[in-house]
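# Observations on the three-dimensional arrangement
Each chain, letter by letter, is given below.
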Amino acid sequence: MNIDAQDLKRTPLYNEHVKLGGKMVPFAGYEMPVQYSGLREEHLAVRSGVGIFDVSHMGEFMVTGHEAEALVSWICSNAVHKIDDFQAQYNCMPNKDGGIVDDLIVYRFNPNKYMLVVNASNEEKDWKWINDRIEEKGFDCQIENQSEHMSLIAVQGPTASDLVQKLTDTDCSAIKFYHFAVGTVAGVEDVIISGTGYTGSGGFELYVKNADAVKVWNALLQEGESMGIRPCGLGARDTLRLEKGYCLYGNDIDDTTSPLEAGLGWITKFSEPFVHMEYHQKLKEDGVKRKLVGFEMIDKGIPRQLYVVVNEEGEKIGEVTSGTQSPSLNKAIGMAYVQPEYSKAGTEIYIQIRNKTLKAEVAKIPFL
Amino acid sequence: MNFPEDLKYTKEHEWIRVEGDVATVGVSDFAQGELGDVVFVEIETEGETLGKDEVFGTVEAVKTVSDLFMPLSGEVIEVNAELESNPEAVNTSPYEDGWMIKIRMSDSSELDSLMDVAAYKEMIGQ
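On a predicted model such as this, the values are computed, not experimentally measured, just so you know. (Residues numbered from 1 in each chain as written. Chains lettered and ligands numbered in written order. Predicted model: local features only at pLDDT ≥ 70, side-chain atom pairs only at ≥ 80, totals over all residues. Heavy atoms only, no water.)

Next up on the list: the nonpolar core. Residue and element names in this part refer to chain A. Grouped together as the largest cluster of nonpolar side chains are 37 residues, with contacts concentrated most on Tyr 107, Met 115, Tyr 207, Ile 253 and Leu 264. Counting residues per element, the ones that place at least two in this core are strand 5 (87–94), strand 6 (100–110), strand 7 (113–118), strand 9 (150–156), helix 7 (234–243) and strand 17 (331–338). Aside from chain neighbours lying at most four places away, what touches Tyr 107 is Gln 87, Ala 88, Lys 113, Tyr 114, Met 115, Val 117, Phe 180, Ser 194, Thr 196, Glu 205 and Tyr 207. Within the second largest apolar cluster, 28 residues are counted, among which are Ala 160, Cys 172, Val 185 and Ala 213. (Core = buried A, V, L, I, M, F, W, Y, C linked by side-chain atoms within 4.5 Å. Buried < 20%, exposed > 50% of the residue type's maximum accessible area, 1.4 Å probe, protein only. Helix = DSSP H or I, 4+ residues; strand = E, 2+ residues; numbered from the N terminus. Contact = heavy atoms within 4.5 Å.)

Pasting the structure below:
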């Protein structure tokens, strides 16, 4: 697909990115900053202090009505009924072929009100998928696409909580991991302060109305200046998540990968029925044919998506899904689907990088 | 961004410094900025004679991998070995410490196909 610049959407923070020297690139139909000062510097700021990311391209669907919970439970693989009000849960939506429609975060406000946060690249597909399931089963609930009205700022890093606390009366220390509160941040009311993130360094994600995004963003930058805050782009977001072994839709998981193959068995619970769960139950009983593993390069080279993985005999045993030079570890790391017999940590595998076959070793994830 | 006046440039964002029949090659300040943090420069063509536009190596940034093209035909007589341990020199010093190869030119008339600084700046909109 060839997307012309004029077809790309912009988040409410677009002008701020340009002012900050952000290098704007097309991503999931948006013009997004891939980096500002430099990927490595941004990455390390999040690991050691605090960084902020504009992730307003993410999609938000609000589900309300007395069968809101029934719908969300039906479309999601995890045990949605187990979470309480003001709690969030990582999930995936299984498709009819055993693959994944999308991975998402489910927020429960109350049993009659949920928010689903989905990948920007899948927003249209998800919207249709969920509406088709509502129609199919006749769930008594309403779904509203708020994506065009909501912005999302991720404040991440070991000092992120201190920073957000400076801007709110809500007790941030009381918001546990994968819980949330609704409060006032930087004078802006009704901000969803969510103890979630995609970096593995702790912090919050702040959902705000579009009209308030610039105010909150700039307040964070100003208040965070003395803490060495950095605005961070999608480049650092990707290296940060990869060091923690978090899946990226479109790379590590997609319509053809099972959550069980992707190491997402922990969010695939058969205690309550979900759509097309039979396939996954059978796969669990039969055993998967491939597994997503982490690996580190031993020979010098950087793995990239779609590079072929071979065994010592040179036979193809899998494919790389994500790869990068890790800024924290200063080594090349990646994730790949391999045949299960090659999935144990310490197993030697080989990655075909351009015209060479280079040695790597299966590693435990997270890498860090 | 800095673009020295005494260098020649290519569409692939390489710079060329000519001294006698030897051309030193690297990537421009613009190119290093577009690449982002360079983490690996792989050049294994030392001693080989390659034609203009052939690939002589690869530069990898954290998120991208790009081929490096011969701006001129000739023999690759030297590779900057320092880049193996210090690839970030491509970012911090693109025209000095970040040089990549030296070519013994086989056809100096090819120099006419290279851009001067004004033409290069115009191409990248500077």
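And the narrative resumes.
Before going further, it helps to spend a moment on the sheet that holds strand 7 of chain A. Residues and elements named next belong to chain A. The sheet built from five strands is open, its strands ordered 5-6-7-4-8 with antiparallel pairing. Only two strands of the sheet have a single partner each, and these edge strands are strand 5 and strand 8 (142–145). Within the sheet, the average angular offset between the axes of one strand and its neighbour, ignoring direction, is 25°. Relative to strand 7, strand 6 is paired through five bridges, and the arrangement is antiparallel. By the bridge assignment for strand 7, Asn 110 is matched with Lys 113. Strands strand 4 (59–64), strand 5, strand 6, strand 7 and strand 8 of the sheet are contacted by helix 4 (residues 123–137), whose axis makes an angle of about 170° with strand 8. (Pairing = 2+ DSSP bridges. Axes fitted to C-alpha atoms, helices over the stretch in contact; angles between N-to-C directions.)

Turning next to the domain arrangement of chain A. Residue and element names in this part refer to chain A. Taken domain by domain, chain A holds domain 1 (5–58 + 149–243), domain 2 (59–145) and domain 3 (289–363). The gap between the C-alpha centroids of domain 1 and domain 2 is 24 Å. Between domain 1 and domain 2, the residue contacts involve 16 residues of the former and 18 residues of the latter. Here domain 1 packs against domain 2, burying approximately 1,500 Å² in sum over the two surfaces, 66% of which is carbon and sulfur. Looking only at domain 1, the three residues that lose the most surface to domain 2 are Met 58, Tyr 178 and Phe 180, adding up to 49% of its buried area. Viewed at the interface, domain 2 and domain 1 are joined by zero salt bridges. Where the side of domain 1 that touches domain 2 is concerned, the elements lending two or more residues are strand 9, strand 10 (180–185), strand 11 (188–194) and strand 12 (203–209). Ranked by the residues each element gives to the side of domain 1 that touches domain 2, the list is headed by strand 10, at three residues. (Domains from an automatic or database assignment. Buried area = accessible area lost by both parts, 1.4 Å probe. Salt bridge = Lys/Arg side-chain N within 4 Å of Asp/Glu carboxyl O.)

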